[in-house]
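What follows is each chain in one-letter form.
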Amino acid sequence: MKTLEKPVPPGGTIGIIGGGQLGRMLSLAAARLGLKTCIYNDTSDAPAFQVTQNAIAAPYDDLNMLASFADACDAVTFEFENLPAHAIAHLAERVPVRPGAHALAMTQDRLTEKTFVEKLGLKTAPFFDVTSAEQARAVFARLNSQNGFKGILKTRRFGYDGKGQAKVSSADDTAKAFESFKGAPSILEGFVDFSYEVSVVAARGADGAFAAYDPPHNEHENHILRRSTVPSQLTPVQVSEAKAIAKKIADALDYVGVLAVELFVCKDGTLLVNEIAPRVHNSGHWTIEACQCSQFEQHIRAVVGWPLGNPVRHADAVMENIIGAEADAWEALARGGALHLYGKKESRPGRKMGHVTRLKGQK
Ligand code: AMP
């Protein structure tokens with residue numbers, strides 16, 4: 001496995017796997033620091049291709065193309081976490097990969113991820129391994145006999161924006177949901193009647209330095225993030241607790257780069273870990289305008305071995321996603337707030353087309 005012996009100097013090239021909006025904003029942040037990017041995406045119309053010096057369009061399991069990509073880069077990172085494990089290992093033999101294969105493997109699978117979180121002594125919703133429709137039925141029935149159980153069945157892998165998830169309130173529901181996932185290994189999670197959701201976006205450097213942003217309050221619509229607001233209603237003690245959770249996870253993974261930890265805030269104030277994203281995160285987009293160093297710059301700094309930037313927040317902020325046809329109103333959107341459009345040709349329902357950040361109470 002290749003490691004980074006010394007920081008990549010300005011003029012160096014960072015490889016980014018995935019050419020969506022996250023890759024695009026990473027590339028823009030790299031450019032500001034005098035670094036180049038090479039973006040690898042499986043289709044040629046990637047939003048990030050519009051803002052990079054080098055682009056490769058090839059399948060994510062094309063080992064020859066991945067090797068050429070690795071050879072063109074000083075370090076490689078990801079904008080999405082679902083690259084096949086053997087492809088990551090192949091890359092890591094040729095070029096430093098940050099975050100490493102271990103962190104990606106741990107967070108690609110909900111069962112592995114939640115087991116890891118639990119072993120760290122952190123709290124999660126109750127979860128149970130489900131591998132067949134009969135077992136799905138039996139697990140639900142067992143839990144339901146205790147206390148009017150309600151749950152969510154989630155596929156262990158490849159779920160995002162509510163895909164591969166179903167709310168279930170009977171043993172039959174659970175078996176049917178499992179079948180609708182075509183028998184994909186899943187977990188049955190207890191449904192949490194939380195007050196609201198927050199996330200901690202944080203960075204860890206190769207030297208163990210840690211920098212966390214203020215946790216935003218996140219609101220979802222149709223399983224897609226609608227709005228992130230900072231500050232959230234968390235108390236100062238809860239903010240420290242949330243950041244400490246992210247630090248514990250980042251340290252245990254020997255993580256390098258930005259990660260996001262999504263948390264449920266329960267009615268009694270308890271924080272439950274829902275999910276870890278081993279990458280920059282939609283709920284951190286407001287950091288571009290409201291913080292000294294954005295999540296994108298922070299990630300680039302960590303990947304190339306530079307000192308982490310200051311995550312201090314100089315304004316309150318609300319970030320709203322522009323979803324699907326909402327982007328048609330770009331002229332009106334351009335009148336208020338900081339507008340980001342991702343350069344996607346077509347607006348499909350549920351597709352993230354851009355976002356707007358509005359600052360308040362600038363300090
Ligand atoms: P996830 O894909 O795990 O991030 O879940 C997407 C969204 O579904 C979360 O942001 C929550 O709003 C909701 N959700 C997920 N798991 C649970 C749960 N165990 N209880 C209640 N709501 C949940």
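Analysis parameters
Residue positions are counted from 1 within each chain, in the order its sequence is given. Selection of residues for local features in this predicted model requires a pLDDT of at least 70, selection of side-chain atom pairs for listing and counting requires 80 or more, and totals for whole chains, interfaces and linings are taken over all residues. Hydrogens and water are ignored here; the side-chain numbers use all heavy atoms of the structure. Numbering goes from the N terminus for both helices and strands, where a helix is a DSSP run of H or I of at least four residues and a strand is a run of E of at least two. In this description the radius of gyration comes from C-alpha coordinates, and the expected globular size is given by 2.2 Å times residues to the power 0.38. Accessible area is worked out with a 1.4 Å probe on protein chains only. A residue is then buried under 20% of its type maximum, exposed over 50%, and partly exposed in between. Contact between two residues is taken to exist if any of their heavy atoms lie within 4.5 Å; hydrogens are not considered. Surface exposure here means Shrake-Rupley accessible area, sampled with a 1.4 Å probe, where a residue is shielded only by the protein chains that are shown. For the charge count, each Lys or Arg is scored as positive and each Asp or Glu as negative, with His and the chain ends excluded. In plain terms, the charge of a residue is placed at NZ if it is Lys, CZ if Arg, CG if Asp and CD if Glu. Throughout the structure description, domain borders are defined by an automatic or database domain assignment. Using a 1.4 Å probe, buried area is obtained as the accessible area two parts lose upon being combined, added over both of them. A strand pair is defined by DSSP finding two or more bridges across the two strands. Put simply, a salt bridge is a Lys or Arg side-chain nitrogen that is within 4 Å of an Asp or Glu carboxyl oxygen.

Colleague: What is the right way to read the overall build of the chain from this model?
Modeller: What the chain contains, in helices and strands, is eleven helices and 17 strands. Taking 363 residues into account, the globule formula puts the C-alpha radius of gyration at 21 Å, and the chain, at 20 Å, falls close to it. With respect to the principal axes defined by its C-alpha atoms, the chain has extents near 60 × 50 × 40 Å. Taken across its 363 residues, the chain has 56% of its residues classed as buried. The long-range share in the chain, meaning contacts at least 24 apart out of those at least 6 apart in sequence, stands at 62%. Of the roughly 15,600 Å² of accessible surface on the chain, a fraction of 51% belongs to carbon and sulfur atoms. The average position of the 40 basic charges and that of the 40 acidic charges among the side chains of the chain differ by 2 Å.

Colleague: I'm lost on the domain arrangement of the chain in this one. Help?
Modeller: Often, the extent of an interface is quoted as the loss of accessible area on bringing the components together. When cut into domains, the chain gives domain 1 (13–97), domain 2 (126–190) and domain 3 (194–360). Relative placement of domain 1 and domain 3: their C-alpha centres are 22 Å apart. Listed by partner, the interface residues are 21 residues for domain 1 and 22 residues for domain 3. Across the interface of domain 1 and domain 3, roughly 1,800 Å² is buried in total on both sides, 71% from carbon and sulfur atoms.

Colleague: I keep staring at the pairing of strand β14 (residues 271–277) and nothing clicks. Help me out?
Modeller: On any regular strand, side chains alternate: one points to one face of the sheet, the next to the other face. In terms of burial, β14 is a largely internal element, six of the seven residues being buried. Where strand β13 (residues 257–265) meets β14, six bridges bridge the pair, whose relative direction is antiparallel. Note on β14: the bridge partner recorded for E262 is E275. In this antiparallel pair of consecutive strands, β13 and β14, the connection spans five residues, and G269 shows a positive phi of 90°.

Colleague: Got a minute to help me understand the environment of Q292 in this structure?
Modeller: Topologically, Q292 is positioned in the loop between α9 (287–290) and α10 (295–303). Each C-alpha atom, one on Q292 and one on R313, is 6.6 Å from the other, the two residues being 21 residues apart in sequence. When near neighbours in sequence (up to four residues on either side) are disregarded, Q292 contacts N310, V312 and H314.

Colleague: Can you walk me through the pattern of salt bridges in this structure?
Modeller: Two side chains with opposite charge may pair up if their charged atoms get near one another. The tally for this structure, following the rule as stated, stands at 23 salt bridges. The shortest N-O distance in the salt bridge between K114 and E189 comes to 2.8 Å. Here E189 lies in strand β8 (residues 186–190) and K114 lies in helix α5 (residues 110–119), a separation of 75 residues in the sequence. E189 gets classed as buried once you look at its relative accessible area, which sits at 2%. Among the salt bridges present, the one from D316 reaches R313, with a minimum N-O distance of 2.7 Å. The class for D316 is partly exposed, based on a relative accessible area of 23%. Connected via shared salt-bridge partners are R204, K247, D251 and D254.

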